[in-house]
Each structure stands twice: as structure tokens, then as C-alpha cells.
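Secondary and tertiary structure notes
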Amino acid sequence: MFHEFHDLTTEMKASDRYLRSLSGMHRTLDQKIGNMAVCTEQGVPEQIRVVKNKKRAIKAGRYALLQPISLARTGS
């Protein structure tokens with residue numbers, strides 16, 4: 001995900017249920033995209049795009065949670 005936040009993510013997931021939930025949803029959507037990519041049914045590319053957009057939104061939410069904490073800790 002965000003390599004610069006790897007340690008912070010691990011630490012925060014231990015105590016923050018919301019971040020843990022977002023991480024789980026992100027992982028689930030990632031697996032779903034992989035499974036859908038194998039399928040050759042018509043319309044699947046559009047469905048994959050929708051799921052990828054949901055995954056991006058979750059990633060943005062995680063970043064929004066982690067960035068201020070990281071900045072506060074580093075003093076930047």
C-alpha cells in the first residue's frame with residue numbers, strides 16, 4: 001500500500017478497528033478483482049472497473065487516516 005506508512009499501519013491496525021476494517025475490505029476487493037480478471041464473461045471489465053474504484057476509495061481513506069498521524073510523529 002503506502003510503503004512509507006508500513007510500520008504505522010501495522011501499529012494502528014492493532015488498536016484501530018476502523019483502519020483494520022478498511023484494510024480487510026481493501027484486501028477482499030483486491031482478491032475479488034483477481035478472481036474477476038480470470039473470468040471472460042461479457043461485462044466483466046466494467047464490473048472490474050467499479051470494484052477497482054471502490055478499492056481506490058478505501059485506499060484514499062486509509063491514507064487520509066495515516067498521513068496526519070505520520071506527520072505529527074515526524075514533526076513535518
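Just so it is clear, the structure is predicted and the values come from calculations on it, not from any experiment.

What follows is about the confidence of the model for the protein chain. Within the protein chain, residue pLDDT values average 86, and 91% of them lie at 70 or more. Across the protein chain, helix α3 (residues 44-74) holds the top mean pLDDT of 90, while helix α1 (residues 6-15) sits lowest at 88.

Below, the discussion takes up the packing of aromatic side chains. Scanning the model with the defined rule gives 1 aromatic pair in all. Between Phe5 and Tyr63 the ring centres are 5.6 Å apart and the planes differ by 45 degrees, which places this aromatic pair in the tilted class. Placement of the pair is Phe5 in the segment before α1 and Tyr63 in helix α3, with a sequence separation of 58 residues. With relative accessibility at 5%, the residue Phe5 sits in the buried group. Under the relative-accessibility criterion, Tyr63 is labelled partly exposed at 28%.

Basis of the calculations
Within each chain, residues carry numbers counting from 1 in the order of the written sequence. Per-residue local features are limited, in this predicted model, to residues with pLDDT of at least 70; the limit for side-chain atom pairs, both in listing and counting, is 80 or more; totals at the level of whole chains, interfaces and linings are taken over all residues. No hydrogens and no water enter the side-chain calculation; it runs on all heavy atoms of the structure. Every residue is assigned a pLDDT by the predictor, reflecting its confidence on a scale from 0 to 100. The secondary structure listing takes helices from DSSP runs of H or I that are at least 4 residues long and strands from runs of E that are at least 2 residues long, numbered from the N terminus. Here the aromatic set is Phe, Tyr and Trp, taking the six-membered ring for Trp, and pairing holds for ring centres within 6.5 Å; pairs whose planes are under 30 degrees apart are stacked, those over 60 apart are edge-to-face, and all others are tilted. A simple rule labels every residue: compare its accessible area, found with a 1.4 Å probe on the protein chains alone, to the largest value its type can have, and call it buried under 20%, exposed over 50%, or partly exposed in between.

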